[in-house]
Amino acid sequence: MFDHVKFGVSDYAASKAFFLQALAPLGIAAVGEGVPSYGIELCQAGSEASLCLHLSQDKPAPLHLAFSAASREQVDAFYRAALAAGGRDNGPPGLRPHYHAGYYAAFVIGPDGHNIEAVFHERGAA
């Protein structure tokens, strides 16, 4: 759906460390980095879409970013990694039937107050 998403963060080092650790279980890693005002580009293996973070003095509005997971286990691993990276719980791993029957997700709040989610869509779930 998108080529890349780029947003500003108030503490580049903290956000970089958080996203690298939290998203590693989803196969997302750094593919390029410049000075903090340019930022870092993160991609999932086999994908051309990227997430880019850059240092900003402006107060960013909270975002909701949802990352695709290949399994429930990846969602669980994301949640543990994100909490270990300093994220705050915003919903532990579990089914969210109010979205759809097979919606398995976890939510954490990142360093700038963004709601970061990992979601696995179980197809054919009743």
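Calculation rules
Residues numbered from 1 in each chain as written. Predicted model: local features only at pLDDT ≥ 70, side-chain atom pairs only at ≥ 80, totals over all residues. Heavy atoms only, no water. 1 Å grid on protein atoms, 1.4 Å probe; cavity = no way out; pocket = protein on both sides within 12 Å on 5 of 7 lines; lining within 4 Å. Points joined across faces, edges and corners; volume = space filled by probe spheres on them. Helix = DSSP H or I, 4+ residues; strand = E, 2+ residues; numbered from the N terminus. Nonpolar A, V, L, I, M, F, W, Y, C, P; charged D, E, K, R; others polar. Polar contact = N/O pair within 3.5 Å; in protein donor to acceptor, adjacent residues only side chain to side chain. Pairing = 2+ DSSP bridges. Axes fitted to C-alpha atoms, helices over the stretch in contact; angles between N-to-C directions.

Sizing a probe to match a water molecule and rolling it over the atoms shows the empty space that remains. The tally for this structure, following the rule as stated, stands at one cavity of 30 Å³ or more. Its volume calculated, the largest cavity comes out at about 30 Å³. Taken together, Phe7, Val9, Ser15, Phe19, Gly110, Pro111, Asp112, His114 and Ile116 make up the lining of the largest cavity. Those elements giving two or more residues to the lining of the largest cavity turn out to be strand E1 (4-9) and helix H1 (12-23). For the lining of the largest cavity, the per-class residue count stands at five nonpolar, three polar and one charged.

With respect to the secondary-structure elements, Asp112 resides in the loop between strand E7 (103-109) and strand E8 (115-121). Engagement of the side chain of Asp112 in a polar contact is seen with the side chain of Ser10, the distance being 2.6 Å. A polar atom in the side chain of Asp112 sits 3.4 Å from the side chain of Ser15.

The next point concerns the sheet that holds strand E3 (residues 40-44). Through backbone hydrogen bonds, the strands of a sheet pair up, either in parallel or in antiparallel fashion. Sheet architecture is open: four strands sit in the order E1-E4-E3-E2, paired in mixed fashion. The sheet is open, and its two borders are formed by E1 and strand E2 (28-33), each paired with just one other strand. On average, adjacent strands in this sheet sit at an angle of 25 degrees to one another, irrespective of strand direction. Two elements, E1 and strand E4 (residues 50-55), share six bridges in a ladder whose sense is parallel. Its bridge partner lying in E4, Val9 is registered against Leu55.

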